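In case you want the letters, here they are:
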Amino acid sequence: MSVRSLASFLRAGSGRLSLGSLLGLLLFAAETLWLLKAGVVGVDIPLDGPYAALAAAVRPLLPGVILRVAAVYVVAGGLLGLAAALMARAWTRRSGWVSLAVLVPHWVVLLLFWAWDRALMRPALFDDLPAVRPVLAWLVDHGEPWQARAAAGAWVAVHLLVLAVRDATALRRRVVAGGPEARWAERVLGSVVVGVVVVLAVALTVRRAEPVVRQPLVVLIGIDAFRPDRLGATGHGVAPHVERFLQDATLFTRAYTPVAQTEPAWRSLLTARWPYRTGVRYPLTSDARLVLAPTFAQRFAEGGWRTVFATDCSRFHFEGPASGFATRWQPPRGALNFALEKLRYRALGLFADNPAGAAWVPEFIDNRALAGIHDPMGYARRLSDGLVAEAGAGPLLFAFHATAAHFPGDPVYPFYRRYVSASEPLERRLRMHFAPVTPGAKGAWNREGAEGLYDELLAQADAQVGTLLDALRASGRYDDALIVLMSDHGESFHADRPDLAGATSVHGARLGDEENRILLAVKPPGGRGMGPAQVDALARLVDVGPTLLELSGLSALPESDGASLAPLLRGEERPLAPLYAETGYTHVSPEVFDPGHWPGAPRTFDAYRLRPDGVVEMGDPADAAVLHEKDTGAFDGQRWVVDRPQADGSVRRTCSGDCEGADARALADWLDDARERAPESASRRVAGHVDDRNNPRPPGNVRPPQRLLRVWPGQPERAAHPQPRGG
């Protein structure tokens, strides 16, 4: 090829690249105009009044984010332009307007094929576009990814075949005629042969790397909102990867969390302390209220281990330096995270759902809160690569919190067809939607549909977990790793309240098995060996940290409320350790489930404040109200004893389960002791009454024993006798 021909080829290629980039930029402009016209996408939030602060915090950050998004469109559009130019070359070799008229339709067709594939894989990417909803509904019911890929492949193959025939014919004519083109073809063919020989020689001579020394590995995987009744015969095949893992692990069949909300549950997990000792007692807790305490991650770091935490959603669970994890892979927290949901640049879900896009715009691609744009399975594969790479660099503690089943979830292919009936409305099948939890709520949903969607999302989270475990198996690190699989809480679908069948599921609103019982399974290095397949003794989330430390030979946490499960893993027994539990703070007023309950905590944006750095956190007045309205309880495996603050200032105590005998009284006394140690009721323990002279507090926080109402099964409600608290 002559220099002139090469220059002409490069000019043509750069022109096609520039034209494709221009088309990408035009697509970006069109989507931007659509967003501006539509206003707020998804959940309608007025950006005035108390929300003005949120908008003000986000506004300075948006230009940089928008520019990076625009760059994705420009680069992807340019690459698409080169592909379209190759396709168009099959029909014309002319330049100018003729070339443009052929190239642009090819660019659009390639984009449509791409969108067709992604609509099948992640339909939530387009589910809020009314114009495409009929087509999307058909694809969700009948489409398969191979259809889009086969159609695109056939379309490309026709073009390549025509192009090959035309080029082969032209080359044959030039070779027969002789001249520079013939000699150039001979040189190219010779270079290809030499290149193949060199590659084969290198492949044969390169020695395989020597095996490296295996470094200790501890993996903690949390599946958000996983209910243990989704295992075994009652699980309907929701979690096959978890079931496979249980073949090598010990399952704790009666494991419970002290608070059924993610952020406070994880803080109790990390510190092995009850929520009232951690300072984190509801989502979006202010950093100023965090009680600094050692975490098991810090113990690992002090022992020379690398520590990594990862999650795909940080709206209501964000780990900072106090977690003890030196490396944290998570989306941004605060106002920006909430604003990103409104920036639904859908083409990001086409162009950037890959490692390059995740590196360039991670706040979009690795953020589960962005329905359809986030690719959960691609994220899991990238996370698996990171896990294996980190495991090869030294002793590693790796923790991952999978949030697929948390509101607002959006199932991807093939999960969105498994458990929800095809007769349900499309918008209910592809994303969780909010319906208030109020008596007599008449939502367009039903309990069976809500649980079906939940099961689909759990199956999706299970597939993510399977990707991580399979990566460990493929790398040879699965057998020698200490792996803990757990959930932070369960989920309630209001099975006891038919009048709430159409309402949104909730966790953290009530104490009991539906919300507080969790998945917990432990696989020691080498498997469970002779250890039990199941343990029915009571286990608590606060026991996980002490267990990891003991099995890893590290020092225990000071002042821990948890205790190691290692004796139970060996088939031994350990003394009974009760569970302390408390409700969190949800969108549900507690009086919905308990008429007469104190309902004072606000449930609007006014409950929160926005820090100058854009972090959203609970305000001081709301904090006091949330702590006041909390139910607190104790569970010993046989009975729940629960205290519920009432609107009249009293505290109503109830017991469910086996509430007769010394064990029931001992559990009630244990709960009394735990409540007196809580900071908001900090007082000197005096038999028969509470002395608060040195601890003045606002009215309503003092709960004298003569106002404690005990409600036991078969016993009428009445004021209880003062209970001794002295020992």
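Residues numbered from 1 in each chain as written. Predicted model: local features only at pLDDT ≥ 70, side-chain atom pairs only at ≥ 80, totals over all residues. Heavy atoms only, no water.

Colleague: Help me out: how do you make sense of the overall build of the chain in this one?
Modeller: Looking only at helices and strands, the chain features 23 helices and 21 strands. Here the chain holds 727 residues, and the buried ones make up 53% of them. Considering only intrachain contacts with a sequence separation of at least 6, the fraction spanning at least 24 residues in the chain is 73%. When the accessible surface of the chain is split by element, carbon and sulfur atoms take 62% of a total near 31900 Å². (Helix = DSSP H or I, 4+ residues; strand = E, 2+ residues; numbered from the N terminus. Buried < 20%, exposed > 50% of the residue type's maximum accessible area, 1.4 Å probe, protein only. Contact = heavy atoms within 4.5 Å. Areas by Shrake-Rupley, 256 points an atom, 1.4 Å probe, with all protein chains shown as cover.)

Colleague: Help me out: how do you make sense of empty space enclosed by the protein in this one?
Modeller: Picture a little ball the size of a water molecule; that probe, rolled over the atoms, points out where space is still empty. According to the stated counting rule, one finds 6 cavities of 30 Å³ or more in the structure shown. If you add up the space inside the second largest cavity, you get close to 140 Å³. As for the second largest cavity, its lining consists of 14 residues, and the residues nearest its centre are Met432, His433, Trp445, Ala450 and Ser505. Grouping the constituent residues of the lining of the second largest cavity by class yields 8 nonpolar, 4 polar and 2 charged. (1 Å grid on protein atoms, 1.4 Å probe; cavity = no way out; pocket = protein on both sides within 12 Å on 5 of 7 lines; lining within 4 Å. Points joined across faces, edges and corners; volume = space filled by probe spheres on them. Nonpolar A, V, L, I, M, F, W, Y, C, P; charged D, E, K, R; others polar.)

Colleague: Looking at this model, I keep getting lost on the nonpolar core. Mind explaining?
Modeller: General note: in soluble globular proteins, nonpolar side chains tend to be found buried as a group. Residues Ile223, Phe245, Phe398 and Phe400 are the most contacted members of the largest nonpolar core, which totals 46 residues. Broken down by element, the residue count for this core peaks at 10 residues, all from helix H18 (residues 447-474). Residues contacting phenylalanine 245, with those up to four places away along its chain left out, are Leu469, Tyr478, Ile483, Leu485, Ala521 and Lys523. (Core = buried A, V, L, I, M, F, W, Y, C linked by side-chain atoms within 4.5 Å.)

Colleague: Can you help me understand the sheet that holds strand E5 (residues 327-329) in this one?
Modeller: Strand pairing in a sheet is mediated by backbone hydrogen bonds. Such pairs are either parallel or antiparallel. One open sheet holds the 8 strands; their spatial order is E5-E4-E6-E1-E7-E9-E2-E10, and the pairing between them is mixed. One side of each edge strand has no neighbouring strand; the edge strands of this open sheet are E5 and strand E10 (534-535). Relative to E5, strand E4 (residues 306-311) runs parallel, the two being bridged by 3 bridges. Bridged to alanine 310 within E5 is tryptophan 329. (Pairing = 2+ DSSP bridges.)

Colleague: Help me out: how do you make sense of unusual backbone geometry in this one?
Modeller: Leaving glycine aside, a negative phi is the common case for residues, and trans is the common case for peptide bonds. With omega at 0°, the peptide bond leading from tyrosine 413 into proline 414 counts as cis. By secondary structure assignment, the location of proline 414 is in the loop between strand E6 (396-402) and helix H17 (426-430). Positive phi, close to 60°, is recorded for leucine 284, a residue that is not glycine. Secondary-structure assignment places leucine 284 in the loop between helix H10 (275-278) and helix H11 (296-302). On the accessibility criterion, leucine 284 (11% relative accessible area) is buried. Non-glycine residue glutamate 559 carries a positive phi angle of around 50°. You can see glutamate 559 is positioned in the loop between helix H20 (544-551) and helix H21 (566-569).

Colleague: Can you walk me through the side chain of glutamine 330 in this structure?
Modeller: Examined against the element boundaries, glutamine 330 turns out to sit in the loop between E5 and helix H12 (335-340). There is a polar contact of 2.7 Å between the side chain of glutamine 330 and the backbone oxygen of glutamate 319. Once residues lying within four places of it in the same chain are set aside, the contact partners of glutamine 330 are Phe309, Thr311, His317, Phe318 and Glu319. (Polar contact = N/O pair within 3.5 Å; in protein donor to acceptor, adjacent residues only side chain to side chain.)

Colleague: Please explain the pairing of strand E7 (residues 482-486) as it appears in this structure.
Modeller: Taken residue by residue, a regular strand's side chains alternate between the two faces of the sheet. Across the 5 residues of E7, 5 count as buried, placing the element largely inside the fold. Where burial is concerned, the two faces of E7 agree: the one with Leu482, Val484 and Met486 and the one with Ile483 and Leu485 are both buried. Two elements, strand E1 (residues 217-223) and E7, share 5 bridges in a ladder whose sense is parallel. Bridge pairing in E7 places leucine 220 opposite valine 484. Taken together, the 4 bridges between E7 and strand E9 (residues 520-523) define a ladder with antiparallel strand orientation. Note that in E9 the partner of leucine 485 across the bridge is alanine 521.

Colleague: Sorry if this is basic, but what is going on with the sheet that holds strand E11 (residues 539-540) here?
Modeller: Pairing within the open sheet is mixed, and its 3 strands lie in the order E8-E3-E11. Unpaired on one side and paired on the other, strand E8 (517-518) and E11 mark the two borders of the sheet.

Colleague: When you look at the packing of aromatic side chains in this model, what are you seeing that I'm missing?
Modeller: A ring pair, where both rings are aromatic, is described by two values, the distance of the centres and the angle of the planes. Inspection of the entire model under this criterion finds 22 aromatic pairs. On the basis of an interplanar angle of 65° and a centroid distance of 6.2 Å, the ring pair of tyrosine 413 and tyrosine 416 is categorised as edge-to-face. In this structure tyrosine 416 comes out as buried when scored by relative accessible area, which is 0%. Here a set of aromatic residues connected by ring pairs shows up, and it is made of Phe28, Tyr73, Trp114, Tyr345 and Phe351. (Phe/Tyr/Trp six-rings, centres within 6.5 Å; stacked < 30°, edge-to-face > 60°.)

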